[in-house]
Amino acid sequence: MERALQPSRSLPVIDLDAELFFTYERACYREKMVMKLTGEQLRTFEEEGYLFLPECFSRTAAAYLLEQAQKIYGLDRKEVWRESNGVARTAFAAHRYNEGFRRLGAHPRLIGPIEQILGEQVYMHQYKVNAKAAFDGAVWQWHQDYGTWQRDDAMPEPRAMNIAVFLEDVTAVNGPLMFIPRSHKSGVLQAGHDLETTSYPLWTLDRETVSRLADEGGVVAPLGPAGSVLLFHGNLVHASPPNISPYNRTIVYLSLCAVSNHIRQFKREEWIAHRDFDPIIPLSDDCLDALLAEEGYRQPT
């Protein structure tokens, strides 16, 4: 696993417009800090198809966003997708009706690495706050995200990817996300449209394909504390098991797409597959901390 980014040993100071600009492995400019991945991290992502950055956000910020997620799950909105028993499964487009999630969706620690990998500005293709509720959290079958984006949204190329933020500790028992390393190199795999297993329709892979890929690359489940960040390729095969533990597992997913690679087909709801292709302008690095300060938030003990 990769460690969170650390400042370089030498910190050159550049005088530009009478302001100080410091160069780290993260590039800082004015009041913003756009996080940059190291060469080693980029190579790991290219080879494995994913990258894990533990404790990228504070537990306090994660706890605040978790409270916001729980409020959203209680709303009667079409964007809140539920299991057959009424338990919330996911909340789409939360960045459009919640200030905390709006700021997270433009946070430079999330936008910077994806722009670095894709080589251009990005727009928000999809925004989800996934609830894997204690005892009731249902399975997410084996699938590739780009397979859905290609088939349902006519996204031209796999120049889009997910970056996830853990709002709660992800452990071996509460339905962690599982990856098949290096499976992104197989391209778009044949899939069937599963409309029955859960409340959410999904293009899923058959057992033979998953078994073959797992024999080649194994299966991993990145585990870590709330505030950790996980980014993965659009073609990486992944899934998550049901959560029968007494512990919730909530994760925010930003699906970010290169602006030039925007979708061409609009058959899904706009709040599922967005049609605003304007590039995201990153906020300042302290945008969440500022919101917590404005609201006088204190993490519950």
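Residues numbered from 1 in each chain as written. Predicted model: local features only at pLDDT ≥ 70, side-chain atom pairs only at ≥ 80, totals over all residues. Heavy atoms only, no water.

Draft legend 1. Inspection of the packing of aromatic side chains at higher detail. Evaluated as defined, the whole model comprises eight aromatic pairs. Where Trp81 meets Phe92, the ring centres are 6.0 Å apart and the plane angle is 70°; that geometry is what we call edge-to-face. You can see Trp81 sitting in strand S6 (residues 80–82) and its partner Phe92 sitting in strand S7 (residues 88–92), a full 11 residues away along the chain. Residue Trp81 is classed as partly exposed on the basis of its relative accessible area of 22%. Summarising the aromatic geometry, the rings of Phe101 and Tyr127 are spaced 6.3 Å apart at their centres and angled 80° between planes, so their arrangement reads as edge-to-face. In this pair, Phe101 sits in helix H3 (residues 99–104) while Tyr127 sits in strand S8 (residues 122–132), placing the two residues 26 residues apart along the sequence. Like Tyr127, Phe101 is buried. Each residue in the set Tyr50, Phe179 and Phe232 is aromatic and connected to the rest through ring pairs, giving one cluster. (Phe/Tyr/Trp six-rings, centres within 6.5 Å; stacked < 30°, edge-to-face > 60°. Helix = DSSP H or I, 4+ residues; strand = E, 2+ residues; numbered from the N terminus. Buried < 20%, exposed > 50% of the residue type's maximum accessible area, 1.4 Å probe, protein only.)

Draft legend 2. Layout of the side chain of His143. Inspection of the secondary structure puts His143 in strand S9 (residues 140–143). At 3.3 Å, the side chain of His143 forms a polar contact with the side chain of Asp145. The contacts of His143, once residues within four sequence positions are left out, are Leu202, Trp203, Thr204, Leu205, Leu236, Val237 and His238. (Polar contact = N/O pair within 3.5 Å; in protein donor to acceptor, adjacent residues only side chain to side chain. Contact = heavy atoms within 4.5 Å.)

Draft legend 3. Representation of the side chain of Ser228 within the structure. Tracing the sequence through the fold places Ser228 in the loop between helix H6 (207–217) and strand S14 (229–233). Reaching out from Ser228, the side chain makes a polar contact with the backbone oxygen of Pro225 at a distance of 2.8 Å. Every residue in contact with Ser228, bar those within four places of it in the chain, is listed here: Phe52, Leu53, Pro54, Glu55, Cys56, Ala164, Val165 and Phe166.

Draft legend 4. Quick look at unusual backbone geometry. Unusually for a residue other than glycine, Ala154 sits at a positive phi of about 55°. Note on Ala154: relative accessible area 25%, which makes it partly exposed. Backbone geometry places Arg182, a non-glycine residue, at a positive phi of 70°.

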